[in-house]
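# Fold and geometry: a report
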Amino acid sequence: MSKNVTPYKDSELGKKEQVAQMFDTISGNYDDLNRVISFGIDVKWRKKVLKLVADTHPESILDIATGTGDLALLMTQTSATKIIGLDISAGMLEVGRKKISEKKLDAKIEMVLGDSEKIPYDDASFDAITVAFGVRNFETLEKGLAEILRVLKPGGIFVILETSVPERFPYKQGYTFYSKNILPLIGKLFSKDNSAYQYLSDSASVFPYGEALNNILRKIGFIEVKASPQTFGVATIYSASKK
């Protein structure tokens, strides 16, 4: 179980509500800032997620914590005829809907306001489920993962893209310095929410990764669990399935 880091330390709201508030606040410049913070490498990671999903030839895809819909938009390159982007932040979804509309993909992608721990769909509804940089924002990790398992079809694929911590010198030391000092500074310079990027750094540093997250996935009931570190281990792609 990961330590429950929240965006606003003095807030009386629960983590779920704080995360929604935070992303509503930073939604307007989130995409541009993300490209700066990751040096654009996150685009490459998302394309690897796309390939994993596309290779299973899904008809229906659920992208959880879809944010502004980057991954949901990529999923239009699969065989899927139904793509749902689910997020707790109305502000992020609004930005995503504009992007989808500009690309004339409204008929293929539906953006839905919803809670990852109470997914508003029936059991075994989706062939593929994805989460990019979102599982560490779950209020209760195991509950969110159990919900994902519930709505995933047997034999379907579940793919997580999430930050992780490099384990080798000098990448580990470089990552620690960047995440603790540079990332929050960039966030403060470009965002009107000073707490947001400090939270993103703090939550990444305490979130279970690699074999620790693999074991949690297995405990929930996922099978064929694999972890593939990316770019010296600063991110990891996890894939799993359902009996």
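Let me sum up the structure you'll find in this document. Residue indices follow the written sequence of each chain, beginning from 1 at its first position. Predicted model: local features are reported for residues with pLDDT of at least 70 only, side-chain atom pairs are reported and counted for 80 or more only, and whole-chain, interface and lining totals are derived from all residues. Here the side-chain values reflect all heavy atoms present in the structure, with hydrogen atoms and water set aside.

## Considering the overall build of the chain
The helix and strand inventory of the chain stands at nine helices and seven strands. Here the C-alpha atoms of the chain give a radius of gyration of 17 Å, agreeing with the 18 Å that 2.2 N^0.38 yields for 243 residues. With the C-alpha coordinates aligned to their principal axes, the bounding extent of the chain is approximately 45 × 40 × 35 Å. A 1.4 Å probe rolled over the protein chains alone gives each residue an accessible area, and that area as a share of the maximum for its type sets the label: buried under 20%, exposed over 50%, partly exposed in between. Among the 243 residues that make up the chain, the fraction classed as buried is 56%. In this description a helix means any DSSP run of H or I spanning at least four residues, a strand means any run of E spanning at least two, and both kinds are numbered starting from the N terminus. For this measure, only C-alpha atoms enter the radius of gyration; the expected value for a globule follows 2.2 Å times N^0.38, where N is the number of residues.

## Quick notes on helix H9 (residues 211-220)
The set of residues buried in H9 consists of Leu213, Asn214, Ile216, Leu217 and Ile220. Buried residues of H9, viewed axially, fall in a sector of 160 degrees; they line one side. Contact between two residues is taken to exist if any of their heavy atoms lie within 4.5 Å; hydrogens are not considered. Residues of H9 that are buried make contact with helix H6 (141-151), strand S5 (152-163), strand S6 (223-230) and strand S7 (235-241). Think of the arc as the fan of directions from the helix axis to the C-beta atoms.

## Notes on the nonpolar core
Core analysis: the largest hydrophobic core is formed by 29 residues, its most contacted members being Leu145, Ile148, Phe158 and Phe222. Every element with two or more residues in this core is listed here: strand S1 (60-64), strand S2 (82-87), strand S4 (126-132), H6, S5, H9 and S7. The leading source of residues in this core is H6, at five residues. What Ile148 contacts, discounting residues up to four positions off in sequence, is Ile64, Ile119, Ile129, Val131, Phe138, Phe158 and Phe222. Residues belong to a common nonpolar core when they are buried Ala, Val, Leu, Ile, Met, Phe, Trp, Tyr or Cys residues joined through side-chain atoms within 4.5 Å. Membership of the second largest hydrophobic core comes to 25 residues, among which are Ile109, Met111, Ala132 and Ile237.

## What about the sheet that holds S1?
Paired strands, in this sense, are two strands between which DSSP finds at least two bridges. Strand order in the open sheet formed by seven strands is S3-S2-S1-S4-S5-S7-S6, with mixed pairing between adjacent strands. At either end of the open sheet lies a strand with only one pairing partner, and these are strand S3 (109-113) and S6. On average, each strand axis in the sheet is inclined to that of its neighbour by 15 degrees, with strand direction left out of account. Fitted lines through C-alpha atoms give the axes, limited to the stretch in contact for helices. The angle between two N-to-C directions lies from 0 to 180 degrees.

## Topic: the packing of aromatic side chains
Stacked, edge-to-face and tilted are the three classes for Phe, Tyr and Trp ring pairs, Trp counted by its six-membered ring, which pair at centre distances within 6.5 Å; planes under 30 degrees apart are stacked, over 60 edge-to-face, the rest tilted. Under the criterion given, the structure shown has six aromatic pairs. Ring centres of Phe23 and Tyr30 lie 5.8 Å apart, and the angle between their planes is 80 degrees; this geometry places the pair in the edge-to-face category. Tyr30 carries the same exposure label as Phe23, and that label is buried.

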